[in-house]
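Notes for the structure review
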Amino acid sequence: MSKKITLLKGDIATLKVDAVVNAANNMLAGGGGVDGAIHKAGGPLIAKYCSEIRRETGGCKTGEAVLTLGGNLPSKYIIHTVGPVWKGGKFREEELLKNCYRNSLMLAKEHHMKSIAFPNISTGVYGYPKEAAAEIAIEEVSNFLKNNKSLENVIFICFDRENFDIYNKILKRVK
Ligand code: AR6
């Protein structure tokens with residue numbers, strides 16, 4: 001495992017990093033899961049920032065990522081990305097999930113961030129198979145870290161035990 005990758009179990013909204021990544025929806029309208037936790041802990045400013053983006057650009061396309069400030073969160077920024085809904089695997093889900101990680105990392109780089117935390121994008125209500133999603137997340141982050149030295153710490157934070165165990169297993173293998 002890269003020394004720069006850390007695996008945690010818990011609530012992403014409690015972390016103090018340069019940016020936490022949110023698993024949002026196309027309208028940036030808030031919702032349940034990690035999105036709900038981030039909006040609740042970040043306060044009403046988060047919805048305001050999101051509605052400004054929605055007004056300007058219509059929201060966020062699947063696989064893309066947008067940046068807001070973090071409101072009341074301990075973290076300075078939120079990178080909102082929209083994962084694909086799993087529809088069996090033949091609807092570019094893999095490519096779109098890769099794009100979520102890549103575009104989030106690119107935004108972090110553009111804004112000179114040193115630390116970023118990812119939840120397990122798409123593996124909740126969007127139904128992406130957890131093991132396949134974890135392989136993608138780890139591969140994309142590892143590749144990015146090889147070519148970009150400015151990012152010092154990437155955290156994968158898992159809320160559920162199943163995802164935590166999957167990440168733990170894969171990260172031990174790629175160490
Ligand atoms: N911290 C970290 N991870 C969490 C937290 C938390 N506080 N809460 C849940 N998770 P989901 P999706 C994990 O459903 O599948 C929203 O309504 C959870 O265990 O949050 O990308 C949005 O508005 C799971 O592994 O996101 C969208 O409409 C992972 O986060 C839709 O859900 C992702 O689960 C996005 O669905």
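What counts and how
Note that residues are indexed from 1 along each chain, following the sequence as it is written. Local features in this predicted model are restricted to residues of pLDDT 70 or higher, and side-chain atom pairs are both shown and tallied only at a pLDDT of 80 or more, whereas totals for entire chains, interfaces and linings draw on every residue. To obtain the side-chain values, all non-hydrogen atoms of the structure were included, while hydrogens and water were left out. We call a residue near a molecule or strand whenever a single non-hydrogen atom of that residue lies within 4 Å of it. Identification of polar contacts relies on pairs of N or O atoms within 3.5 Å, with a donor-acceptor requirement for protein atoms, meaning one able to donate a hydrogen and the other able to accept it, and with residues adjacent in sequence counted only if both atoms are side-chain atoms. The Shrake-Rupley method, run with a 1.4 Å probe, gives the accessible areas here. Residue values count only the displayed protein chains as cover. Helical segments are the DSSP runs of H or I of at least four residues, strand segments are the runs of E of at least two, and each set is numbered from the N terminus. Just so you know the grouping, Ala, Val, Leu, Ile, Met, Phe, Trp, Tyr, Cys and Pro go in nonpolar, Asp, Glu, Lys and Arg go in charged, and all remaining residues, Gly too, go in polar. Note on definitions: salt bridges are taken to be side-chain nitrogens of Lys or Arg within 4 Å of carboxyl oxygens of Asp or Glu. Throughout, exposure labels follow a simple rule: accessible area from a 1.4 Å probe, protein chains only, divided by the maximum for the residue type, with under 20% read as buried, over 50% as exposed, and the rest as partly exposed.

The chain appears in an unreviewed UniProt entry as Appr-1-p processing domain protein from Ilyobacter polytropus.

Brief notes about the site of the ligand
Surveying the vicinity of the ligand reveals 22 residues, the closest of which are D11, N25, V34, D35 and T123. Here an oxygen atom of the ligand sits 2.8 Å away from a polar atom, N or O, in the main chain of V34. Summarising the interface, the protein chains cover 90% of the accessible area of the ligand, which totals 700 Å² for the free molecule. The greatest single-element share of the shell around the ligand, amounting to 4 residues, is contributed by helix α1 (residues 33-42). Grouping the constituent residues of the shell around the ligand by class yields 8 nonpolar, 11 polar and 3 charged.

Here's the deal with the pattern of salt bridges
Pairing between side chains of opposite charge can happen when their charged atoms approach one another. Within this structure, the stated rule accounts for 9 salt bridges. As a salt-bridge pair, K48 and E52 come within 3.4 Å of each other at their nearest N and O atoms. Of this pair, K48 and E52 both sit in helix α2 (residues 44-57), separated by 4 residues, roughly a single helical turn. Residue K130 pairs with E162 through a salt bridge whose shortest N-O separation is 3.1 Å. Of this pair, K130 sits in helix α4 (residues 130-147) while E162 sits in helix α5 (residues 161-174); the two residues are 32 residues apart in sequence, bridging distant segments of the chain. Relative accessible area serves as the criterion here: at 21%, K130 is assigned to the partly exposed category. Given a relative accessible area of 48%, E162 falls into the partly exposed group. Connected through salt bridges with shared partners, the residues K130, D160 and E162 form a single ionic network.

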